[in-house]
Amino acid sequence: MSSTPGRRRGPLLALVAAYFVSGTGTALSAVAIPWLVLVTTGSAVATGVAGFAEMAPYVLLQATAGPLVDRLGLRRTFLLGNLAAAVAVFLVFLLGELDALPFGVLLALVATAGAVRGAADAATTPMLPPLARLAHWSDERAVGLYSGANRAGLLIGLPLAGALVALLGPAGTVLLDSISFLVAAVLTAVFVPAVAVTRPPAAEPSAAPGLPHAADGSGLRAYLAQLREGARFLRGDRLLLSLLVLIVITNLLDQAMNAVFLPVWAHDRVHDAVAFGVVGGASGLGMLVGVLLTAWGGRRLPRWITFALCTLLASAPPFFAVAGTDAVLPVAAVFFVCGVFGGVPNPIVGAVQFERVPPRLQTRVLGAMKASAYLGIPFGSLLGGLLAQSVGLTVACVAAGLVMLVVTIAPLVFPVWRGLDRGAPGPAAE
């Protein structure tokens, strides 16, 4: 007999499992679709366009789908988004197998998949707090498991994709991504009851039900007003704004490292593509370890100093390691250790967001934060390429590392970051 009456871990674990499955499938497509484009078009430019066609709608819907999610409901949006993504990705497989996939159709399908994934992901994160309450778990533990599922999906899916593309071809690998979305929807439909993730409605009682559209002026005005309400809340919370700025800059520089500096280092300095995979895998494994450690022990850690020190220790050293040595094992060791430190802040950030943002605004505010954080990623690749080409890899890494060092010292210096600690005042508590 359970010593904690009413505890139900199953729904939370089912949602985490669904996120892991769909994340693994997305990692498969992240390799298979670019390969499919290269095989069918032979154009690196077309490959880049396909990636942009998927990510741009994803980021846009992350930022703007909040009022839509509030009207449809978290669970329903998650289910519909994953089912729609399964259909769109399945059509990529089917038309690819039939040699009937013009590039324009491929762009339309990946854009559709990106858009519905963005809406589904906007609904996923706000489901964590009520499910954590149901399981009698802290937000740190719930967010840690959720983040760990994502890291594990990438860690497994990316190397697995290479083997599957060789074995099944790119179209066959894309089919597995379609199946993963379907499995995620089934897991959630069966094991996550609707009542467990029901929240107070975000829209005003007078707002018209249903989806807003151009013909319904009042519905459109209400939709835009709800978006503005979320933006006003975010602008009024200095801690969340500081977090957003930090995440945007660190994501931009991390993308420069992962997309440019590390491949150039492996190619030009080490002369071995395996080095790229070893170092990247070490970083991913470290991140997973850090996230899981914080998931289980984060509740006992002081938030502010833990976040500040781990962010500082995780961010700049990899740049200096790549700049300073061509030896693979020392660089991999630095990336692993920094990955462990880098995984620790994620559950802390998630818990703080849930505490400071009222439940009725979470889809809008958290979606806007996540979308904004993605904005730096495309520019990171561009910045990394320009720096490496103009000043050389060593100078580029040192410069990026110094910027990263300055940015990540901020949480130790500025008082606003003390708001990370439990019990700190915030707009949600006022």
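Residues numbered from 1 in each chain as written. Predicted model: local features only at pLDDT ≥ 70, side-chain atom pairs only at ≥ 80, totals over all residues. Heavy atoms only, no water.

1. Focus on the environment of Pro129
Test applied: Going along the chain from the N terminus, every DSSP run of H or I of four or more residues is numbered as a helix, and every run of E of two or more is numbered as a strand. In this description, contact between two residues means that some pair of their heavy atoms is separated by no more than 4.5 Å.
Its location among the elements puts Pro129 in helix H6 (residues 128-135). Taking the C-alpha atoms as reference points, Pro129 and Ala142, 13 residues apart in sequence, are found 7.7 Å from one another. Those residues in contact with Pro129, other than ones at most four positions away along the chain, are Asp139, Phe354 and Gln362.

2. So, the nonpolar core
Proteins that are soluble and globular tend to have nonpolar side chains buried together. We count it as follows: To define a nonpolar core, start from buried Ala, Val, Leu, Ile, Met, Phe, Trp, Tyr and Cys residues and group those joined through side-chain atoms within 4.5 Å. Using a 1.4 Å probe on the protein chains alone, a residue whose accessible area is under 20% of its type maximum counts as buried, one over 50% counts as exposed, and one in between counts as partly exposed.
If you look at the biggest cluster of nonpolar residues, it comprises 54 residues, and the most contacted ones within it are Leu12, Leu240, Phe307 and Trp417. Among the elements that make up this core, the one with the highest residue count is helix H7 (residues 139-191) (seven residues). Aside from chain neighbours lying at most four places away, what touches Trp417 is Leu239, Ser242, Leu243, Leu246, Trp304, Phe307, Ala410 and Pro411. By size, the runner-up hydrophobic cluster in this structure holds 25 residues, among which are Val260, Trp265, Phe319 and Ala396.

3. Some thoughts on the packing of helix H1 (residues 10-41) against H6
Inclusion rule: Interaxial angles span 0 to 180 degrees and are taken between N-to-C directions of axes, which are lines fitted to C-alpha atoms, for helices over the stretch in contact. Angle categories: roughly parallel below 35 degrees, roughly antiparallel above 145, roughly perpendicular from 65 to 115, and oblique for all the rest. All residues other than Ala, Val, Leu, Ile, Met, Phe, Trp, Tyr, Cys, Pro, Asp, Glu, Lys and Arg, Gly among them, are scored as polar; the first ten of these are nonpolar and the last four charged.
With their axes 8 Å apart at the nearest point, H1 and H6 run at an angle of 140° to one another. In terms of orientation, H1 lies oblique with respect to H6. In this structure, H1 uses Pro11, Leu12 and Leu15 to contact H6, whose residues at the interface are Leu128, Leu131, Ala132, Leu134 and Ala135. The class makeup of the residues in the contact of H1 with H6 is eight nonpolar, no polar and no charged.

4. Observations regarding the side chain of Ser138
Going by this rule: Here a polar contact means two N or O atoms within 3.5 Å. Within protein one must be a hydrogen donor candidate and the other an acceptor candidate, and residues neighboring in sequence count only if both atoms are side-chain atoms.
You can see Ser138 is positioned in the loop between H6 and H7. A distance of 3.2 Å separates a polar side-chain atom of Ser138 from the backbone nitrogen of Arg141.

5. Structural notes on the pattern of salt bridges
Basically, it comes down to this: Whenever a carboxyl oxygen of Asp or Glu lies within 4 Å of a side-chain nitrogen of Lys or Arg, that contact is scored as a salt bridge.
Per the stated rule, a full pass over the model turns up four salt bridges. With a shortest N-O distance of 2.9 Å, Arg356 and Asp237 are connected by a salt bridge. You can see Arg356 sitting in helix H14 (residues 345-356) and its partner Asp237 sitting in the loop between helix H8 (217-236) and helix H9 (238-270), a full 119 residues away along the chain. Where Asp326 meets Arg269, a salt bridge forms, and the shortest distance between an N and an O atom there is 3.7 Å. With Asp326 in the loop between helix H12 (317-324) and helix H13 (328-343) and Arg269 in helix H9, this pair connects stretches of sequence that are 57 residues apart.

6. Here's the deal with H13
What counts here: By this rule the span expected of a helix is its residue count minus one, scaled by 1.5 Å.
With 16 residues, H13 ought to run about 22 Å at 1.5 Å a step, and its terminal C-alpha atoms sit 22 Å apart, in line with that. Taken as a whole, H13 has its buried residues at Val331, Ala332, Phe335, Cys338, Gly339, Val340, Gly342 and Gly343.

7. Topic: the packing of aromatic side chains
Filter applied, for reference: Put simply, two rings from Phe, Tyr or Trp (the six-membered ring, in Trp's case) pair if the centres are within 6.5 Å, and we call them stacked under 30 degrees between planes, edge-to-face over 60, tilted for the rest.
Under the definition given, this model contains four aromatic pairs. Plain terms: the ring middles of Tyr19 and Tyr146 are 4.1 Å apart, the flat faces sit at 10° to each other, and that makes the pair stacked. Taken together, the residues span a long stretch of sequence, with Tyr19 in helix H1 and Tyr146 in helix H7 at a distance of 127 residues. Tyr146 matches Tyr19 in its accessibility class, with the two residues each being buried. Consider the rings of Phe90 and Phe93, whose centres lie 5.7 Å apart with planes at 50°: the pair is tilted. On the criterion of helical spacing, the pair formed by Phe90 and Phe93 is a turn pair, its members being three residues apart in helix H4 (residues 74-97). Its relative accessible area of 35% is what places Phe90 among the partly exposed residues. Note on Phe93: relative accessible area 15%, which makes it buried.

8. Structural notes on H4
For an α-helix, 3.6 residues make a turn, and residues three or four places apart therefore share a direction. The first and last C-alpha atoms of H4 sit 35 Å apart over 24 residues, in line with the 34 Å expected at 1.5 Å per residue. Among the residues trailing H4, Asp99 stands out with phi positive, at a value near 55°.

9. Some words on the confidence of the model for the chain
What counts, and what does not: Per-residue confidence from the predictor is reported as pLDDT, which spans 0 to 100.
Counting all residues, the mean pLDDT for the chain is 82, and 87% of those residues have values of 70 or more. When the criterion is pLDDT under 50, residues 201-217 qualifies, and its contacts beyond four places in sequence or with other chains add up to 21 contacts.

10. Here's the deal with unusual backbone geometry
Notably, Asp99 is not glycine yet its phi reads approximately 55°, a positive angle. Within the secondary structure, Asp99 sits in the loop between H4 and helix H5 (103-124). With relative accessibility at 73%, the residue Asp99 sits in the exposed group.

11. Quick notes on the environment of Leu252
Position of Leu252 among the secondary structure elements: in helix H9. When the C-alpha positions of Leu252 and Ala373 are compared, they lie 8.8 Å apart, and in sequence the two are 121 residues distant. Residues contacting Leu252, with those up to four places away along its chain left out, are Gly376, Phe379, Gly380 and Leu383.

12. What to know about the packing of helix H11 (residues 303-315) against H14
Here is the rule: Working rule for handedness: look at the near helix, and if it is turned counterclockwise from the far one by less than a right angle, call the crossing left-handed; if clockwise, right-handed.
At a closest axis distance of 10 Å, the pairing of H11 and H14 adopts a crossing angle of 135°. Between H11 and H14, the angle falls in the class oblique. Crossing hand, H11 versus H14: left-handed. For the pair H11 and H14, the contacting residues are Arg303, Thr306, Phe307, Cys310 and Thr311 in the first and Pro345, Ile348, Val349, Ala351, Val352 and Glu355 in the second. When the residues that make up the contact of H11 with H14 are grouped by side-chain class, the tally is seven nonpolar, two polar and two charged.

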